Amino acid sequence: MYKHVVVTGGAGFVGSNLVLEMASRYPEAQLTVVDDFRSGNFKNLEGFKGDVIAADLATMDMKHYFGGSKIDLVFHLGSITDTTDHNQFRQVHDNVESWRNLLNYFEGRKTRLVYASSAATYGIASGLNKVDQEPKPANVYAFSKVQLDNLSRQFTRQNPEQVVVGLRYFNVYGPREGHKGAASSMILQLAQQMRRGQTPRIFRHGEQLRDFVYVKDIVSCTILAARARASGIFNAGSGVPRTFNDIVTNLNRVLNTGYQPEYIDNPHAHYQPHTEADLSQTTLKLRYKPKYTLETGIDDYAASGFLV
Ligand SMILES: NC(=O)c1ccc[n+]([C@@H]2O[C@H](COP(=O)([O-])OP(=O)(O)OC[C@H]3O[C@@H](n4cnc5c(N)ncnc54)[C@H](O)[C@@H]3O)[C@@H](O)[C@H]2O)c1
């Protein structure tokens, strides 16, 4: 049913899983990846048979590449994703201008637009995170994502007939995240420590709660978002917060090890004690229901060969 779908950030972690799933669900569709490979890796696209455009979305001449092609759907995931990059100009310029460039080009074209926002927009607000609560970005990466949400709301007010859906991804983990290094999930980082024979190190006392969500659920949610009846911003998580101690327990299980975590002092003054996606609107409007628990997600990750 899709003729031509564009995935920005398609060489990255979530983007590559999305592209490969789209290729398998819609083998007849033309798929185009746009990525400048600043953090993504070509190895994530092994087996991909579509087109790849290596370009920076913030400055890319959309007309040059897309002029004359009818594009049904854009998944926009291309973004600086290293939250410890505190260069304010780079984060805001590259992330916001990429989205503005896409919105400007696709305005009035009936192309559906789905983009990745982030739970980071909630900042240090703790507990159940609801989409309509006031954003409190704690770093410039999160601030840039708040701007994507603001731009999208402005765009849909001016173009009420065009569907634009933002998804606030929570802590995603799963295959094809290895290239992210220190920005990869704690599940991968702790598994790597344990595989090297090191005691897993987590912040005292490992009971902080996070909404960890398996990438296959995030891909399903993202594909469902493309069929939304109306524009909106939605949470995309597991809906079930879990602790860092739970991760170590589950990794011990799949790695067949028996580590006790080493608890270290938390150097961060503003560290979220609890994130949890309120999925009520996502379930109601997008029909998204996560399939994986932390246990089954880690099982599937281990079975994929990407974790160990
Ligand atoms: N992984 C998570 O837990 C998580 C959580 C919240 C939000 N997100 C969002 O989901 C999206 C995907 O994240 P990811 O985890 O796959 O990260 P990633 O770093 O693996 O993927 C991002 C991709 O975008 C590309 N890119 C960055 N800036 C670009 C630009 N200006 N032009 C073209 N390509 C560019 C990178 O090269 C990379 O391939 C991002 O928008 C991210 O902010 C991810």
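Residues numbered from 1 in each chain as written. Predicted model: local features only at pLDDT ≥ 70, side-chain atom pairs only at ≥ 80, totals over all residues. Heavy atoms only, no water.

**Q** Any chance you could explain the overall build of the protein chain here in plain terms?
**A** Looking only at helices and strands, the protein chain has nine helices and 15 strands in total. Its C-alpha radius of gyration of 19 Å places the protein chain within 12% of the 19 Å reference for a compact globule of 308 residues. When burial is assessed residue by residue, the protein chain has 52% of its 308 residues classed as buried. Computed over 34 positive and 30 negative side-chain charges, the separation of the two mean positions in the protein chain equals 4 Å. (Helix = DSSP H or I, 4+ residues; strand = E, 2+ residues; numbered from the N terminus. Rg over C-alpha atoms; globule rule 2.2 N^0.38 Å. Buried < 20%, exposed > 50% of the residue type's maximum accessible area, 1.4 Å probe, protein only. Lys, Arg positive; Asp, Glu negative; His and termini not counted. Charge placed at Lys NZ, Arg CZ, Asp CG, Glu CD.)

**Q** I'm lost on the site of the ligand in this one. Help?
**A** As a structural note, the neighbourhood of the ligand is formed by 31 residues, with Asp-35, Ser-39, Thr-81, Tyr-141 and Lys-180 the closest of them. A distance of 2.6 Å separates an oxygen atom of the ligand from a polar side-chain atom of Thr-81. In isolation the ligand offers 820 Å² of accessible surface; the protein chains occlude 96% of this area. Listing elements by their share of the shell around the ligand, those giving two or more residues are helix 1 (13-25), strand 5 (112-118), helix 4 (140-158) and strand 8 (171-173). Per-element tally for the shell around the ligand: the top contributor is strand 5, with three residues. Here the shell around the ligand is composed, by residue class, of 13 nonpolar, twelve polar and six charged. (Near = heavy atom within 4 Å. Polar contact = N/O pair within 3.5 Å; in protein donor to acceptor, adjacent residues only side chain to side chain. Areas by Shrake-Rupley, 256 points an atom, 1.4 Å probe, with all protein chains shown as cover. Nonpolar A, V, L, I, M, F, W, Y, C, P; charged D, E, K, R; others polar.)

**Q** I keep staring at the pairing of strand 1 (residues 4-8) and nothing clicks. Help me out?
**A** Successive residues of a regular strand alternate their side chains across the two faces of the sheet. The element strand 1 is extensively covered by neighbouring structure, given that five of its five residues are classed as buried. Neither face of strand 1 is open: one carries His-4, Val-6 and Thr-8, the other Val-5 and Val-7, and all of them are buried. Following the backbone out of strand 1, through helix 1 and into the adjacent parallel strand 2 (residues 30-35), one traces a crossover that is right-handed. (Right-handed = clockwise from strand over helix to strand, strands pointing away.)

**Q** I tried to follow the packing of aromatic side chains on my own but got confused; where do I start?
**A** To describe a pair of aromatic rings, one takes the distance between the centres and the angle between the planes. Applying the stated criterion to the full structure yields eleven aromatic pairs. Relative to Tyr-26, the ring of Tyr-2 has its centre 5.0 Å away and its plane inclined at 75 degrees; by these criteria the two rings are edge-to-face. Here Tyr-2, found in the segment before strand 1, pairs with Tyr-26, found in the loop between helix 1 and strand 2; they are 24 residues apart in sequence, far enough to count as distant. Accessibility assignment for this pair places Tyr-2 and Tyr-26 in one class, buried. Following the ring pairs from residue to residue traces out a cluster consisting of Tyr-173, Tyr-214, Tyr-292 and Tyr-301. (Phe/Tyr/Trp six-rings, centres within 6.5 Å; stacked < 30°, edge-to-face > 60°.)

**Q** How should the layout of surface pockets be read in this particular structure?
**A** Take a probe with the size of a water molecule and roll it over the atoms, and the empty space left behind shows itself. Quantified by volume, the second largest pocket comes out at close to 240 Å³. If you trace the second largest pocket, you find it lined by Leu-224, Arg-227, Ala-228, Arg-229, Ala-230, Phe-234, Leu-284, Lys-285, Leu-286 and Arg-287. Here the lining of the second largest pocket takes three residues from helix 8 (residues 280-286), the largest share from any one element. Its residues placed into classes, the lining of the second largest pocket shows six nonpolar, no polar and four charged. (1 Å grid on protein atoms, 1.4 Å probe; cavity = no way out; pocket = protein on both sides within 12 Å on 5 of 7 lines; lining within 4 Å. Points joined across faces, edges and corners; volume = space filled by probe spheres on them.)

**Q** Looking at this structure, I do not really get the pattern of salt bridges. What am I missing?
**A** Two side chains carrying opposite charge are able to pair once their charged atoms lie near each other. Considering all chains together, one arrives at 14 salt bridges under this definition. The shortest N-O distance in the salt bridge between Asp-72 and Lys-70 comes to 3.3 Å. Here Lys-70 falls in the exposed class, since its relative accessible area comes to 63%. Between Arg-242 and Glu-295 there is a salt bridge; the shortest N-O distance is 2.8 Å. In this pair, Arg-242 sits in strand 13 (residues 242-243) while Glu-295 sits in helix 9 (residues 294-304), placing the two residues 53 residues apart along the sequence. The exposure class of Glu-295 is partly exposed, given its relative accessible area of 27%. The structure contains a network of salt bridges with shared partners spanning Asp-36, Arg-38, Asp-56 and Asp-94. (Salt bridge = Lys/Arg side-chain N within 4 Å of Asp/Glu carboxyl O.)

**Q** Is there a simple way to think about unusual backbone geometry in this case?
**A** Phi is mostly negative for residues that are not glycine, and the peptide bonds are mostly trans. The omega angle of the peptide bond from Arg-204 to His-205 is -10 degrees, so this bond is cis rather than trans. One non-glycine residue, Lys-110, adopts positive backbone phi at about 70 degrees. Structurally, Lys-110 is set in the loop between helix 3 (88-106) and strand 5. Residue Lys-110 is classed as exposed on the basis of its relative accessible area, which comes to 76%. Even without being a glycine, Asn-256 presents a positive backbone phi close to 60 degrees. For Asn-256, a relative accessible area of 71% corresponds to the exposed category.

**Q** I'm lost on the side chain of Ser-184 in this one. Help?
**A** With respect to the helices and strands, the residue Ser-184 is situated in the loop between strand 8 and helix 5 (186-195). Using a relative accessible area of 7% as the deciding quantity, one classes Ser-184 as buried. There is a polar contact of 2.7 Å between the side chain of Ser-184 and the backbone oxygen of Gly-181.

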